[in-house]
Amino acid sequence: MSNKLIELKDLTKNFDDQQVLRGINLDIYENEFLTLLGPSGCGKTTTLRIIAGFEEPSSGEVLFNGIEISKLPPYKREINTVFQKYALFPHLNVADNIAFGLNLKKVDKSVIAQKVERMLKMVGLEGFEKRDVTLLSGGQQQRVAIARALVNEPKVLLLDEPLGALDAKIRKQMQFELKKIQQEVGITFIYVTHDQEEALTMSDTVVVMNNGEIQQIGSPIDIYNEPENRFVANFIGESNIIEGVMVKDFLVEFDGFRFECVDKGFEEMEEIEVVLRPEDLDIVAPEDAKLTGVVQNTTFKGVHYEILVKTDLRIYKVQTTDYAEPGRKVGLSFEPEDVHVMYKMGAY
Amino acid sequence: MKKKSFFSRFYVVLCLAFFYLPILVTMIFSFNSSKSLTRMTGVSLRWYSELINNVEVARAVYVSLSIAILATVISTVLGTITAIGLSSHRKIVKDIVLNVNNIPILNPEIVTAIGLMLLFSSAGFRKGYLTMLLAHIAFCTPYVITSVYPKVRSLDPNLANAAMDLGATPFEALTKVIVPMIKEGVFAGALLAFTMSFDDFVISYFVTGNGVKNISIVVYNMTKRINPTINALSTIVIVVIIVVLVSVNVFLPKLEKRTDHIHPRVRRGVTIFLVAALCLGLIRCGSISSQNHVLKVYNAGEYIDLSLLDKFQEEYNCTVVYETFESNEMMYTKLASGESYDVLIPSDYMIERLIKEDYLQPLDWDLIPNASGLMEEVMDKSYDPGNKYSCPYFWGSVGILYDRNIVDQADLSEGWELLKDPKYKGDLYMYDSERDSFMIALKALGYSMNTVNEDEIREAYEWLVEQRDTMDPIYAGDDIMDNMISGNKAIAVVYSGDASYTISENPDMDYFTPNQGTNIWYDAMVMTRDCSETDLAHAFINFMIDPESAIANTEEIGYTSTVKSAYDAMLDGTYAEISSYLVDDSDPRNEIFGYQDPKIKQKYAELWTKVKAQ
Ligand SMILES: Nc1ncnc2c1ncn2[C@@H]1O[C@H](COP(=O)(O)OP(=O)(O)O)[C@@H](O)[C@H]1O
Ligand SMILES: [Mg+2]
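Summarised in this report is the structure supplied together with it. (Residues numbered from 1 in each chain as written. Chains lettered and ligands numbered in written order. Predicted model: local features only at pLDDT ≥ 70, side-chain atom pairs only at ≥ 80, totals over all residues. Heavy atoms only, no water.)

1. What to know about the pattern of salt bridges
Side chains that differ in sign of charge can pair as their charged atoms come close.
All names here are of chain A.
Move 1: Going through the model one piece at a time under the given rule, you end up with 35 salt bridges over all chains.
Move 2: A salt bridge links Glu7 to Lys4; the shortest N-O distance between them is 3.9 Å.
Move 3: Overall, the relative accessible area of 38% leaves Lys4 in the partly exposed class.
Move 4: Notably, a salt bridge pairs Arg171 with Glu198, separated by 3.0 Å at the nearest N-O pair. Of this pair, Arg171 sits in helix H5 (residues 168-185) while Glu198 sits in helix H6 (residues 196-202); the two residues are 27 residues apart in sequence, bridging distant segments of the chain.
Move 5: On the basis of relative accessibility, which here comes to 17%, the residue Arg171 falls in the buried class. (Salt bridge = Lys/Arg side-chain N within 4 Å of Asp/Glu carboxyl O. Buried < 20%, exposed > 50% of the residue type's maximum accessible area, 1.4 Å probe, protein only. Helix = DSSP H or I, 4+ residues; strand = E, 2+ residues; numbered from the N terminus.)

2. Focus: the packing of aromatic side chains
Move 1: Tallied over the entire structure, the rule returns 37 aromatic pairs over all chains.
Move 2: Consider the rings of Tyr298(B) and Phe325(B), whose centres lie 5.0 Å apart with planes at 80°: the pair is edge-to-face. On the criterion of sequence distance, the pair formed by Tyr298(B) in strand E1 (residues 294-300) and Phe325(B) in strand E2 (residues 319-325) is long-range, its members being 27 residues apart.
Move 3: Among the aromatic side chains, those forming a connected cluster through ring pairs are Tyr303(B), Tyr393(B), Phe394(B), Tyr431(B), Tyr495(B), Trp521(B) and Tyr559(B).
Move 4: Directly above the aromatic system of Tyr224(A) lies the positively charged group of Arg277(A), at a separation of 4.2 Å from the ring centroid.
Move 5: In this structure, Lys489(B) packs its charged tip against the face of Tyr429(B), placed 5.8 Å from the ring centre. (Phe/Tyr/Trp six-rings, centres within 6.5 Å; stacked < 30°, edge-to-face > 60°. Lys NZ or Arg CZ within 6 Å of the ring centre and 35° of its normal.)

3. A closer look at empty space enclosed by the protein
All names here are of chain B.
Move 1: The full count for this structure, using the stated rule, is three cavities of 30 Å³ or more.
Move 2: The set of elements that each furnish at least two residues to the lining of the largest cavity consists of helix H11 (215-222) and E2.
Move 3: Tallied by class, the residues present in the lining of the largest cavity amount to four nonpolar, four polar and three charged.
Move 4: When residues of the lining of the largest cavity are sorted by domain, at least three fall in each of domain 2 (56-236 + 270-285) and domain 3 (294-394 + 524-573).
Move 5: Its volume calculated, the second largest cavity comes out at about 50 Å³.
Move 6: The wall of the second largest cavity is formed by Pro392, Tyr393, Phe394, Met544, Ile545, Ala550, Asn553, Ser561, Thr562 and Val563.
Move 7: The leading source of residues in the lining of the second largest cavity is strand E5 (residues 390-403), at three residues.
Move 8: Its residues assigned to classes, the lining of the second largest cavity shows seven nonpolar, three polar and no charged. (1 Å grid on protein atoms, 1.4 Å probe; cavity = no way out; pocket = protein on both sides within 12 Å on 5 of 7 lines; lining within 4 Å. Points joined across faces, edges and corners; volume = space filled by probe spheres on them. Nonpolar A, V, L, I, M, F, W, Y, C, P; charged D, E, K, R; others polar. Domains from an automatic or database assignment.)

What follows is the structure, encoded as structure tokens:
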């Protein structure tokens, strides 16, 4: 990727006695679509508000092009925001909403009109100039909010759960459009969501947060396939998470057996946790299996079956296209690369 | 269903009538050709022309309007900013501030008024235009906050952020986003503030001084005497308010869409207007103090021929700041709060109290040469033996006003017992004053009206209760005069001066003082201890008892003069037929009210409340 645009250094934020950010370190690059992903209350919005300038960090730095900006007021930053509930100005029509920033800069009226028109075209709202924003649908308001922010040609666009209020179908479509717009305008998007699917489909980089801390930074594929800890594994998709020990490089022990794996770099006999994704497990005959158990429950999920297999020590979740009737004795099998070894976490 | 809708319509009509009938009556009577407030005798614009020629009213209109406009603008700005600022505070702060904010709204006005008065006094403010303006801002702001705050709270808290995010400074965010969105609330608050300020009486009355009066104060001072110019003034005020409200309702919807595009010239016009109003206001209160000699006189309402003040000012090249009070007690409160006056004109018992409490300084009678013309009968009374402090102004008795066509002359010998004569049941007014009513009962029973004997007081109480139960009297105040002029009832307890006035308007009426004795009262001019313009104060007192002034004064007011030549002239002239003008103080059973111990006063007050409570 290209140049670093924003750097967050050791950012903390306290509200009263509560510490909501506990040392955030993050580099954000030009043209990057970066997503902050995490459960509600983990500090995503707060991080975004610090970048936008609505909050000052309690400690740490925010660098923009290498310059510390954490004390700069929002109206002096080359950053614009799309708010969670849009925050459109109800007393202004669509065109005046979009032109708000340009009007403040006293840009020439004819230039404004042109830019507004171009923006409306980009977000697919041609001819909506004179509409009352309070009478638009959620999706349309969303588009106006995006146009209102992008017309100012910011270096960075911040989006705080912009699709949260939309219904599922429009959401999917907007995800696609947002990604398209980002590629079209070629600027950095910092996107906040608690929806892991949304994060994985749209982002170049996903930042998983929990409890005011970053858990993992990586591409969607890395995050999915190589979760660094139980929290990430759990948050990104459904998983079987098993405690075990790393016997040595490429050899892990859990559920009383030793298995080959592709992980290394842990200490010998270090306590670790292992992730086995349900779709990586196969149901095989007991004699060919690495583990054996009894089918407890089978549910049809559309494309696949979700099968719960009870072994001596736990229940494994398996996703497969093959049917297995409950009560049958089955074996479970997986490849060495399907075993993801993670550092053991303290309190989860 | 039909029945129900008839009743609900009837109910609405009833409500409207209840609200608007009094206003309608006021408006109709403002066109009355005679003085009566109860009987329409013809249509004329007499009271309007009198109003237009009344300089005091013109000044008051100016004061009311300019204060209302300034107070509205300032309190609207303050209140709006407070409401917006408040919304971003924590809940506990909000709750506290909002509750504190409600106190002045829920508080009885009189408490706020006295509080502000004491504040201004203790802070050493010169009372007048500025103190009134400050007080109005103070009591209007909470109303603005309460009407703006809910609007602010209903805003998306991110709106201001969104504006700043798009490059607006906090001030731009406020003016371009927040204010346009809460403008209905701001407007409602401003309207409320304007109406509260424009018709405020209680607070204005207490915080003003140095002769600055608004319309309400002027109206209030007028109500003591029948004065239909009040109706004319009220009608004009009502019309103004209706015009404002209607135009607001007609123009607001248009304004709504176009506030962003108010023409700059209009804006500039409004600004210039406001600044001009403020300057004029300040100049006005400054102009009084620029004069060399200022005499502050505090008198009961409608108790002087105002042209005498002009004459005095001209003659002595000075300014008289003239203020009026409604009762001796109110005067005392103002004095005790630290308000300073030079000359007061209170009643006998109050003078006794002021002397006791060291509020007065002795008069130098050498500086009052006209004193030689004072009647002997009014001098050297118990409230101020030797007239060390006081120079009598008016005097009189309390007696019974009756309709000669209804009341039998022979019954007058019953004296106060006439008030218990079943022949006149339901046909009489009592004066709603504890001291005068107990005076009547005590005199009827043959006791002193200054008694502190509990048994006698109890007996008097029983006399009043019995009278109440057998006679159905109406306990009334200043409206007695008007009703008696209209001949609405046959008998009323009145002051002799009011009787003279009534008789001059309705010759069917006559007056007598009961033979069991009555209250002889004196109102006198005194000089306060704080008075620094003592020469001018003496000159004023001397001027008021000058034979020429005294005649003008007694002719205008109708009360009995203390100046021999004026007294005689009236009895020889216009008031020859009016028995009440002549004060007969020869009866040894007549008395003067003395200073009352607070405990005894309390006792009387309690019993009087019980009498009236039925
Ligand atoms: N202004 C504030 N005052 C006090 N606490 C706050 C404030 N804003 C956020 N918080 C708290 O900080 C935590 C993180 O909030 P936020 O950043 O909004 O989380 P997220 O956007 O990830 O859901 C939450 O526990 C929230 O209650
Ligand atoms: Mg959030």
